[in-house]
Amino acid sequence: MKNMIWGIIGLIIAVIAAAYMISLIVLKKRGQLVLAEVTEVREKKNRKGMTTSYIHRMKFEYGGKNYEKDDRAGFNQAFAVGTKKLIRFNSSNPSKFEYEDEIKKNIIIAAVLAGTAVVFS
């Protein structure tokens, strides 16, 4: 019974990782690619007041509109204000974007996680 529960947990993790991987692949294939500029950097702190990550506000233009959105990932090291990065987003929801240079890495990580979870189950 215990092994069956662990197997089900592994399969749930595999399905979640596969769904995330598929969403990244769709974004890579169909998403809009634009050059965005870092306009602001904020520190995200934990309860003890220690910096855990940096959140970047990115400014970009798409379809004649200007957008300023925060990244959702958070990084250990801050990008300098004024740095330009390629981002990819779904044109129907520009507030959710991924950095172009991070997408391939995240696809590989999700694939490894899904494969490991299947083997684990």
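Reading the values: the criteria
Residues numbered from 1 in each chain as written. Predicted model: local features only at pLDDT ≥ 70, side-chain atom pairs only at ≥ 80, totals over all residues. Heavy atoms only, no water. Helix = DSSP H or I, 4+ residues; strand = E, 2+ residues; numbered from the N terminus. Buried < 20%, exposed > 50% of the residue type's maximum accessible area, 1.4 Å probe, protein only. Contact = heavy atoms within 4.5 Å. Core = buried A, V, L, I, M, F, W, Y, C linked by side-chain atoms within 4.5 Å. Expected span 1.5 Å × (residues − 1). Arc of directions from axis to C-beta. Pairing = 2+ DSSP bridges. Axes fitted to C-alpha atoms, helices over the stretch in contact; angles between N-to-C directions. Parallel < 35°, antiparallel > 145°, perpendicular 65-115°, else oblique. Left-handed = near helix turned anticlockwise from the far one by under 90°. Nonpolar A, V, L, I, M, F, W, Y, C, P; charged D, E, K, R; others polar.

1. Examining the overall build of the chain
And step 1. Of regular secondary structure, the chain possesses two helices and five strands.
And step 2. For the chain, the α and β elements follow one another from N to C terminus as α-β-β-β-β-β-α.
And step 3. Each of the three principal axes of the chain carries a C-alpha extent, and together these read 55 × 40 × 20 Å.
And step 4. Looking at the chain as a whole, 31% of its 121 residues are labelled buried.
And step 5. Contacts in the chain between residues at least 24 apart in sequence constitute 56% of all its contacts with a sequence separation of at least 6.

2. What to know about the nonpolar core
And step 1. In this structure, Val34, Ala36, Val38, Met58, Phe60, Tyr67, Phe75, Phe79, Ile87, Phe89, Phe97 and Tyr99 together form the largest nonpolar core, which totals twelve residues.
And step 2. Breaking this core down by element, the ones donating at least two residues are β1 (32–45), β2 (51–62), β4 (84–90) and β5 (93–99).
And step 3. Examining the composition of this core, we find that three residues originate from one element, β1, more than from any other.
And step 4. Among residues more than four places away in sequence, those in contact with Val38 are His56, Arg57, Met58, Phe79, Ala80, Val81, Gly82 and Thr83.
And step 5. Judged by nonpolar contacts, the second largest core, of six residues, contains Met21, Leu24, Ile103 and Ala110.

3. Describing helix α2 (residues 100–120)
And step 1. Its 21 residues place the ends of α2 31 Å apart at the C-alpha level, agreeing with the 30 Å of an ideal helix rising 1.5 Å per residue.
And step 2. Turning to α2, its buried residues number three or more, namely Glu100, Glu102, Ile103, Asn106, Ile107, Ala110, Ala114 and Ala117. Taken down its axis, α2 places every buried residue within 140 degrees of arc, on the same side. Summarising the geometry of α2, the exposed residues directed more than 90 degrees from the buried face are Lys104, Ile109, Val112, Val119 and Phe120.
And step 3. Taken together, the buried residues of α2 touch α1 (2–30), β1, β4 and β5.

4. Describing the pairing of β4
And step 1. Bridge count between β1 and β4: six bridges; the pairing is antiparallel. Residue pairing across strands places Ala36 opposite Lys85, the latter belonging to β4.
And step 2. Where β4 and β5 come together, four bridges link them in antiparallel fashion. Bridge pairing links Ile87 to Tyr99 in β5.
And step 3. Counted along the chain from β4 to the antiparallel partner β5, the turn is two residues long.

5. A short note on the packing of α1 against α2
And step 1. Packing of α1 against α2 leaves a shortest axis separation of 8 Å and a crossing angle of 155 degrees. What the angle tells us is that α1 and α2 run roughly antiparallel. In the crossing of α1 with α2, the sense of the turn from one axis to the other is left-handed. Contact residues: Trp6, Gly10, Ile13, Ala14, Ala17, Ala18, Tyr20, Met21, Leu24, Ile25, Leu27 and Lys28 in α1; Glu100, Ile103, Asn106, Ile107, Ala110, Ala111, Leu113, Ala114, Ala117, Val118 and Phe120 in α2.
And step 2. Each residue belonging to the contact of α1 with α2 can be placed in one class, and the counts come to 19 nonpolar, two polar and two charged.

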